[in-house]
Amino acid sequence: MWVLGIESSCDETAAAIVDAAGNVRADVVASQIAEHAPFGGVVPELAARAHLRAVVPVVERALTALPGGLADVGGIAVTQGPGLVGALLVGLQVARAIAWETELPLVGVNHLDAHLLAVQLRLGDGHVPVPYPFVSLLASGGHTALYRVDAPDAITLLGQTRDDAAGEAFDKAAKLLGLGYPGGPVVDRLAAQGDPTALELPLPMASRKNLDFSFSGLKTALARHVADHGVPSSERELADVCASYQRALVEVLARKAVAACVQEGIPRLTLAGGVAANRGLRARVKELAAGRHGKVATDAGPTPVEVFVPVLRACTDNAAMIAYAGALRLARGERDTDLSPFSRDPRRERGKFRRDGTLVRR
Amino acid sequence: MSARLDLVDEAATIRLARALAAALQPGDLVLLEGGLGAGKTFFVGALARALGVPDEIPIQSPTFALVHEYPEASPPLVHADLYRLGDADELDYLDLGDALRSGAAIVCVEWGERFVDALGAPALTLRLTPTGPTSRALDLEGRDALIAAALASPTAL
């Protein structure tokens, strides 16, 4: 059964057609469409009115992937939160309207759950499904957290940022250094040519015992360095600063991600969110997973952590993951009649959420 | 009224936030100014704790989401970051005006300087300037009662 997924929680307006096995028939993101003409020029970065302009063309484009269009769709999934309420409402209203008109079943999806399940989408060559349970590091512009995923509907928060998200820390570093937006890719590129030991920066909350993150102090340390020494003038110096900054950020993410696997006794780690594209992070996570800190006690003895990284388009905001998470909910027979947007992840408390939404505290 | 305070460390910032939390009223707009890493979100975090947001709810940077709401605070707290906002029209989608006009919440806004016409007069403006790793110079301007509360706080004495 093909499920139409709609995503409008933040900057991207997206629609996709996916089934509960993770097959992706269509995966459309507004800002990636070459012809901006239907949207009246350049797509602005945010704001509900940008979603308003983009949502119908994006849904129509996704539906062209099915011979019968909407008639071939068996259910609808839409991002319910967390995100900007005004932006979420655009997707929710369109989803409600289509469901009402077609009498198709409708479910709301938690954007963060969808990110965690995106690794199961059948995208890219040689995709292998990840067996449950697994641990996931979700790091993006707006979120940074570690989760234990026992099943699509049994997800536990293990730790999260106390202040800035990792992607935001990259963006703000790029801003301080006079580089472009988004900051992650450009810092990653420059870091590859620099000396990561050139600049001494704090490793914020680097302990493996605590799975919370804090990146605000790292940003402040860089701001102080720039205030004292100015913006690096040579390409070499800039590369060194980027390499040092990225090393500090990546080291903390990688250590805690692998430590979470050891703590939970789960030798499987997935990366999710836009920061999963960072080459430094991928390399360091794999290095630590294969090293002495990456041995997980299992029934089969000490087992190295296996790392799964989805293709980039599954990491960044997209509707395929929304459609997939929704398809799984629909396949379980779940339906939503009352769909209100929420701005903040309701799963802020730590513990395990049962299917009925009740929390088992740890 | 205006004043200048030296916040010698994070503890001083927390003490000041407590003093201001007791004097702020729902419907008050607080503007926070200062560059990246100046401590704007840190101050709002300290204010949120002083208003009763429990420790297990992190006060995360709102740069990406634009607005974070804390109904757990008493009175409720809204924390916005307009850094990524294109123009004042987009403010309508954030419902900040509703929170201010209805007097439902204390509204803290980072990078709000460009939008003062649309936001209305702030009850308090805080400008943070780093003077060391954890020390800050703080310029305050706003309602007399708020400045008086800041000047009477242990941080200022």
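See the structure above.
Just so it is clear, the model here is predicted, and its values are computed rather than measured.

Time to look at the side chain of Gln60 of chain B. Mapped onto the elements, Gln60 of chain B comes out in the loop between helix 2 (40-50) and strand 3 (67-70). Relative accessible area serves as the criterion here: at 10%, Gln60 of chain B is assigned to the buried category.

All names here are of chain A. For the structure shown, the criterion picks out 3 aromatic pairs over all chains. With a centroid separation of 6.0 Å and an interplanar angle of 20°, the aromatic rings of Phe213 and Phe215 are classed as stacked. Across the pair, Phe215 and Phe213 agree in class, each one buried. For Lys256, the ring lying beneath its charged end belongs to Phe213, and the centroid distance is 5.8 Å.

To continue, consider the environment of Asn23 of chain A. Residue and element names in this part refer to chain A. Inspection of the secondary structure puts Asn23 in the loop between strand 2 (14-18) and strand 3 (24-29). Note on Asn23: relative accessible area 28%, which makes it partly exposed. When the C-alpha atoms of Asn23 and Trp2 are compared, they prove to be 9.0 Å apart, with 21 residues separating the residues in sequence. Among residues more than four places away in sequence, those in contact with Asn23 are Trp2, Ile17, Val18 and Arg122.

Our next topic: the pattern of salt bridges. When their charged atoms lie close together, side chains carrying opposite charge are able to pair. Residues and elements named next belong to chain A. Going through the model one piece at a time under the given rule, you end up with 19 salt bridges over all chains. For the salt bridge of Arg279 with Asp188, the shortest nitrogen-to-oxygen distance reads 3.5 Å. Residue Arg279 is found in helix 8 (residues 279-290), and its partner Asp188 is found in helix 5 (residues 183-191); the two are separated by 91 residues along the sequence. Given a relative accessible area of 48%, Arg279 falls into the partly exposed group. Measuring nitrogen to oxygen at the nearest pair gives 2.8 Å for the salt bridge that ties Arg329 to Asp336. Salt bridges sharing common partners tie together Asp153, Arg329, Arg332, Glu334 and Asp336.

Moving on, we get to helix 10 (residues 320-331) of chain A. Residues and elements named next belong to chain A. Here helix 10 spans 16 Å end to end across 12 residues, near enough to the 16 Å set by a 1.5 Å rise per residue. Within helix 10, burial applies to Ala320, Met321, Ile322, Ala323, Tyr324, Ala325, Gly326, Ala327, Leu328, Arg329 and Leu330. At its buried positions, helix 10 is contacted by strand 1 (2-7), strand 2, strand 3, strand 4 (73-81), strand 5 (106-110) and helix 3 (111-117).

All names here are of chain A. Interaxial distance between helix 5 and helix 7 (residues 235-264) falls to 7 Å at its minimum, and their mutual angle equals 110°. When the axis of helix 5 is compared with that of helix 7, the two are roughly perpendicular. In terms of crossing hand, the pair formed by helix 5 and helix 7 is left-handed. In contact with Val187, Asp188, Leu190 and Ala191 of helix 5, helix 7 contributes Glu235, Leu238, Ala239, Cys242, Ala243 and Gln246. Among the residues forming the contact of helix 5 with helix 7, the class breakdown is 7 nonpolar, 1 polar and 2 charged.

Adjacent strands of a sheet form backbone hydrogen bonds with each other and so pair up, either parallel or antiparallel. Residues and elements named next belong to chain A. Taken together, 5 strands build an open sheet; the order of strands is 3-2-1-4-5 and the sheet is mixed. Lying at the two open borders of the sheet, with one neighbouring strand each, are strand 3 and strand 5. Recorded for the sheet is a direction-independent mean angle of 20° between the axes of neighbouring strands. Contacting strand 1, strand 2, strand 3, strand 4 and strand 5, helix 10 crosses the sheet at an angle of about 120° to strand 5.

Rules used in this analysis
- Residues numbered from 1 in each chain as written.
- Chains lettered and ligands numbered in written order.
- Predicted model: local features only at pLDDT ≥ 70, side-chain atom pairs only at ≥ 80, totals over all residues.
- Heavy atoms only, no water.
- Helix = DSSP H or I, 4+ residues; strand = E, 2+ residues; numbered from the N terminus.
- Buried < 20%, exposed > 50% of the residue type's maximum accessible area, 1.4 Å probe, protein only.
- Phe/Tyr/Trp six-rings, centres within 6.5 Å; stacked < 30°, edge-to-face > 60°.
- Lys NZ or Arg CZ within 6 Å of the ring centre and 35° of its normal.
- Contact = heavy atoms within 4.5 Å.
- Salt bridge = Lys/Arg side-chain N within 4 Å of Asp/Glu carboxyl O.
- Expected span 1.5 Å × (residues − 1).
- Axes fitted to C-alpha atoms, helices over the stretch in contact; angles between N-to-C directions.
- Parallel < 35°, antiparallel > 145°, perpendicular 65-115°, else oblique.
- Left-handed = near helix turned anticlockwise from the far one by under 90°.
- Nonpolar A, V, L, I, M, F, W, Y, C, P; charged D, E, K, R; others polar.
- Pairing = 2+ DSSP bridges.

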